Amino acid sequence: MKHHKKGFSALEIIIVVAIVAMLLAVAVPSLEKMKQNQVLKSAVSDISSTLDKAKSQTLSSVNSLEYGIHFESNKIVMFEGSTYSASDSTNETVLISTPAYISNINLTGGATDLYFDKLSGTPNKTGNITISNASQSKTIIVSATGAISSN
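This section reports on the structure supplied with the text.

Cut-offs applied
- Residues numbered from 1 in each chain as written.
- Predicted model: local features only at pLDDT ≥ 70, side-chain atom pairs only at ≥ 80, totals over all residues.
- Heavy atoms only, no water.
- Pairing = 2+ DSSP bridges.
- Helix = DSSP H or I, 4+ residues; strand = E, 2+ residues; numbered from the N terminus.
- Axes fitted to C-alpha atoms, helices over the stretch in contact; angles between N-to-C directions.
- Expected span 1.5 Å × (residues − 1).
- Buried < 20%, exposed > 50% of the residue type's maximum accessible area, 1.4 Å probe, protein only.
- Contact = heavy atoms within 4.5 Å.
- Core = buried A, V, L, I, M, F, W, Y, C linked by side-chain atoms within 4.5 Å.
- Salt bridge = Lys/Arg side-chain N within 4 Å of Asp/Glu carboxyl O.
- Polar contact = N/O pair within 3.5 Å; in protein donor to acceptor, adjacent residues only side chain to side chain.

1. Overview of the pairing of strand β2 (residues 75–80)
Consecutive residues of a regular strand have side chains that alternate between opposite faces of the sheet.
Item 1. Here strand β1 (residues 67–71) runs beside β2; their pairing, made up of 5 bridges, is antiparallel. Bridging across to β2, Tyr67 finds its partner in Glu80.
Item 2. Connecting β1 to the antiparallel partner β2 that follows it, the hairpin turn spans 3 residues.
Item 3. Bridge analysis of β2 against strand β3 (residues 92–95) gives 4 bridges, and the strand direction is antiparallel. Across the sheet, Lys75 pairs through a bridge with Leu95, a residue of β3.

See below:
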């Protein structure tokens, strides 16, 4: 009778390790790209909803004020009134998670902020904001009517 050796041979272990390494080499970049795309989608959603919130609070006359948004590469700030002040304690900051960032702010007159009119809800500036990651970009459009859309 032959005795079967229990356990794995060195060759079998090397083959299994090689297969696992190949699978990881394929899966890890795909997972990383998926994560980057999800962070980008999340940033677009956060910015769009904060713009909508500023417009909504303006039209609802919360504190009888206008509300606006200030844009920076790694965050946006919702502010009260028609002028952004970095030191205002009522500011609401929304951070943009890396690897997403605001790569382009293209508002009327080169502005980096806008506010909504109390009576009409229209923005004082129009244009678009581009949010990017290493491989992709999405654009949020602020129309003259105050509609917020993205592509």
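2. Notes on the sheet that holds strand β5 (residues 113–115)
Item 1. The sheet built from 4 strands is open, its strands ordered β3-β2-β1-β5 with antiparallel pairing. A strand with exactly one partner marks an edge of an open sheet, and here the two such strands are β3 and β5. Averaged over all pairs of adjacent strands, the angle between strand axes in this sheet comes to 15°, irrespective of strand direction.

3. Brief notes about helix α1 (residues 10–59)
Item 1. Taking 1.5 Å of rise per residue, 50 residues should cover 74 Å, and α1 covers 72 Å from first to last C-alpha, within 8% of that figure.
Item 2. Just past α1, the residue Ser61 takes up positive phi, approximately 55°.

4. Let's talk about the side chain of Gln36
Item 1. Relative to the helices and strands, Gln36 resides in helix α1.
Item 2. When its relative accessible area of 16% is taken as the criterion, Gln36 is described as buried.
Item 3. Excluding residues within four positions of it along the chain, Gln36 makes contact with Pro99, Asn133, Ala134 and Ser135.

5. Examining the nonpolar core
General note: in soluble globular proteins, nonpolar side chains tend to be found buried as a group.
Item 1. Counting residues in hydrophobic clusters, the biggest one holds 25 residues, and the most contacted among them are Ile47, Leu51, Phe71, Ile102 and Ile131.
Item 2. Only α1, β1, β2, β4 (101–107), β6 (127–132) and β7 (137–142) provide two or more residues apiece to this core.
Item 3. No other element matches α1, which puts 7 residues into this core.
Item 4. Dropping the residues within four chain positions of it, Phe71 is found in contact with Ile47, Leu51, Ile76, Ile102, Ile105, Leu107, Thr112, Asp113, Leu114 and Ile129.

6. Topic: the pattern of salt bridges
Once the charged atoms of two side chains with opposite charge are near each other, the side chains can pair.
Item 1. Tallied over the full model, the rule gives 1 salt bridge.
Item 2. One salt bridge connects Glu92 with Lys53, and the closest N-O pair in it is separated by 2.7 Å. Here Glu92 is found in strand β3, whereas its partner Lys53 is found in helix α1, with 39 residues between them in sequence.
Item 3. Here Glu92 falls in the partly exposed class, since its relative accessible area comes to 35%.

7. Some points on the side chain of Asn91
Item 1. Inspection of the secondary structure assignment puts Asn91 in the loop between β2 and β3.
Item 2. A distance of 2.8 Å separates a polar atom in the side chain of Asn91 from the backbone oxygen of Ser85.
Item 3. Among all residues touching Asn91, those that are not within four sequence positions of it are Val77, Met78, Phe79, Tyr84, Ser85 and Ala86.

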